[in-house]
Amino acid sequence: MSAAGDLVGGSPPLHRPMKVTIGYTESCNLDCRVCYADCAREPSPRELPAATWIRLLDELFEAGVISVMIEGGEPLHRPDVLEVIAHAAPRAMTRLRTNATLVDDAMAARLRLIGLGDAMVDLLGATPATHDALTGVPGSHARSLAGLRALRRAGLPVTVLVIMNRGNHRELQPLLELAHAEGAEAVGVLRPYPLGRMRRDWAALSLSLEEMTAAIAALRPPPGLRLMQSWHPNDANCCWQMAAVNAYGRSIGCMYLREYVDYGDVTEVSFLETWEDPLYRRLRAGRVETSCGGCAATQHTHGGCRSTAFAFHGRWDAPDPFDSGLNRGVDLRVLPAGERRGDAP
Amino acid sequence: MPHERAPGLRLRPVPELGACLAYTPAAPRLHQLNATAWLILELADGRDDAALAEAFAARTAPALSASAARRTLEEGLASLRACGLLRRPPGGTTEGEP
């Protein structure tokens, strides 16, 4: 652990949250091997009801939130999420991350009608064989594509998301072409995080940094399709602007910190009280042991993602090993033994 | 004819960054405004072209000359209209139109 005086960098200051991610449910109709929420088929009775989310959103809007991302699990697996979207959309850009298998034309039209801003659709492969093997549900690729098409017919902008892993890293270019053909505006190629079921299957699904960067470098997005990726030189330390609340009302800063931090129960204390948690403030400050110049130049932050930095080093200020400029020989296919929470307060 | 903000427009100033986020729920989109666009948006609501030009020139002098202020305002207004953040009231006409 470094002494505070040795730290470098620093993130833009932000005194109040401007965007929030809601982990609406930890239930889903699929069984993805890469699931970070380790979803069950049925929602836990401890998950917050829509009425509580609506009260919480009002508090967040009052605090300055103007963008809401709703994810899961599969948010549409709980139909009351529509009440929350309808409440949020007049006051905040409201985005939905979904596997789209529960979206038909009627659902897509309803989402559009209640003010959803856009949808982010998870696909785990360009082909049914790859996707269905990773979701564990035969036919899910066809159902996700049908849902994506319904969203587009309803006029909703769609971004396709794919979590890169050993099962699909050779299929990313066809996935870009599929997404483009289906009318997606962008594809986000996401790094794998050692969380939930993905962590348990890490030995089989993870890739070396060289394999991942080679896969990214080989991509040729079709004209008009935007490619988003967070490897060098785009590895941001996003904590300065992140706020997230999980399905049980715990303030966790970012969904990718879901197993590492707990800033408090927002059904018992105000969100802003959790915002001032010492660790939350420290992560937002963004001072780190080492900064990658290339990523700092493009992202205006330092050290890269705090989730993967902590997962591999057990220190909040550590360099992110997913950044080739900061990796320093870490084999991303091998997780550190045991739980490392060395410098958590 | 006065300028008017888009219906339901919500602003979220981010003074820490010298910027402002603007959300248009009628056509859901989040816009990031720089300080100049933010100023024009704040000044434009309810003002006609002449009053807006006068207010903008007063706020930007002496950093901007009169001609530079006029040009900056025209470009900013065009951009804000193109993004759907400002509009003319329904039924209104723009200058030069019958």
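Here the structure is a predicted model, which means the values were calculated and not measured.

Draft legend 1. Inspection of the overall build of chain B at higher detail. Helix and strand counts for chain B stand at three helices and five strands. Counting helices and strands in the order they occur from the N terminus, chain B gives β-β-β-β-α-α-α-β. A globule of 98 residues ought to have a C-alpha radius of gyration of about 13 Å, and chain B, at 13 Å, matches this closely. Dimensions of chain B along its principal axes, counting C-alpha atoms only, are 40 × 35 × 15 Å. Here chain B holds 98 residues, and 39% of them are scored as buried. Contacts in chain B between residues far apart in sequence, at least 24 positions, make up 50% of those at least 6 positions apart. Accessible area for chain B stands at about 5,300 Å²; split by element, carbon and sulfur atoms hold 54% of it. Separation between the mean location of the 11 positive side-chain charges and that of the 11 negative ones in chain B comes to 6 Å.

Draft legend 2. Region of the structure containing the sheet that holds strand S9 (residues 244-245) of chain A. Residue and element names in this part refer to chain A. One open sheet accounts for eight strands, arranged S8-S7-S6-S5-S4-S3-S2-S9; its pairing is parallel. Of all the strands in the sheet, the pair left with one neighbour each is strand S8 (226-229) and S9. Across four bridges, the pairing between strand S4 (residues 93-98) and strand S5 (residues 118-122) is parallel. What sits directly across from Leu96, in S5, is Ala119.

Draft legend 3. Geometry of the pairing of S5 of chain A. The element S5 of chain A is largely enclosed, with a buried count of five among its five residues. For the segment spanning S4 of chain A, helix H3 (residues 105-113) of chain A and S5 of chain A, crossover handedness is right-handed.

Draft legend 4. Representation of the sheet that holds strand S2 (residues 10-14) of chain B. Residue and element names in this part refer to chain B. Overall, antiparallel pairing links the three strands, which are arranged S2-S3-S4 in an open sheet. Each edge of the sheet is formed by a strand with only one pairing partner; in this case those strands are S2 and strand S4 (30-33). This sheet shows a mean twist of 20° between the axes of neighbouring strands, independent of strand direction. The sheet contact formed by S2 and strand S3 (residues 19-23) spans five bridges and is antiparallel. Each bridged residue has a counterpart across the sheet, and for Arg10 the counterpart in S3 is Tyr23.

Draft legend 5. Here's a closer look at the pattern of salt bridges. Residues and elements named next belong to chain A. By the definition in use, this model includes 25 salt bridges over all chains. A salt bridge links Arg149 to Glu182, with the shortest nitrogen-to-oxygen separation between them at 2.7 Å. Remark: Glu182 occurs in the loop between helix H6 (172-181) and strand S7 (186-190) and Arg149 occurs in helix H5 (residues 140-153); sequence separation between them is 33 residues. Exposure remark for Arg149: the relative accessible area of 36% places this residue in the partly exposed category. Taking the shortest distance from any N to any O, the salt bridge between Arg191 and Asp320 comes out at 2.8 Å.

Basis of the calculations
- Residues numbered from 1 in each chain as written.
- Chains lettered and ligands numbered in written order.
- Predicted model: local features only at pLDDT ≥ 70, side-chain atom pairs only at ≥ 80, totals over all residues.
- Heavy atoms only, no water.
- Helix = DSSP H or I, 4+ residues; strand = E, 2+ residues; numbered from the N terminus.
- Rg over C-alpha atoms; globule rule 2.2 N^0.38 Å.
- Buried < 20%, exposed > 50% of the residue type's maximum accessible area, 1.4 Å probe, protein only.
- Contact = heavy atoms within 4.5 Å.
- Areas by Shrake-Rupley, 256 points an atom, 1.4 Å probe, with all protein chains shown as cover.
- Lys, Arg positive; Asp, Glu negative; His and termini not counted.
- Charge placed at Lys NZ, Arg CZ, Asp CG, Glu CD.
- Pairing = 2+ DSSP bridges.
- Right-handed = clockwise from strand over helix to strand, strands pointing away.
- Axes fitted to C-alpha atoms, helices over the stretch in contact; angles between N-to-C directions.
- Salt bridge = Lys/Arg side-chain N within 4 Å of Asp/Glu carboxyl O.

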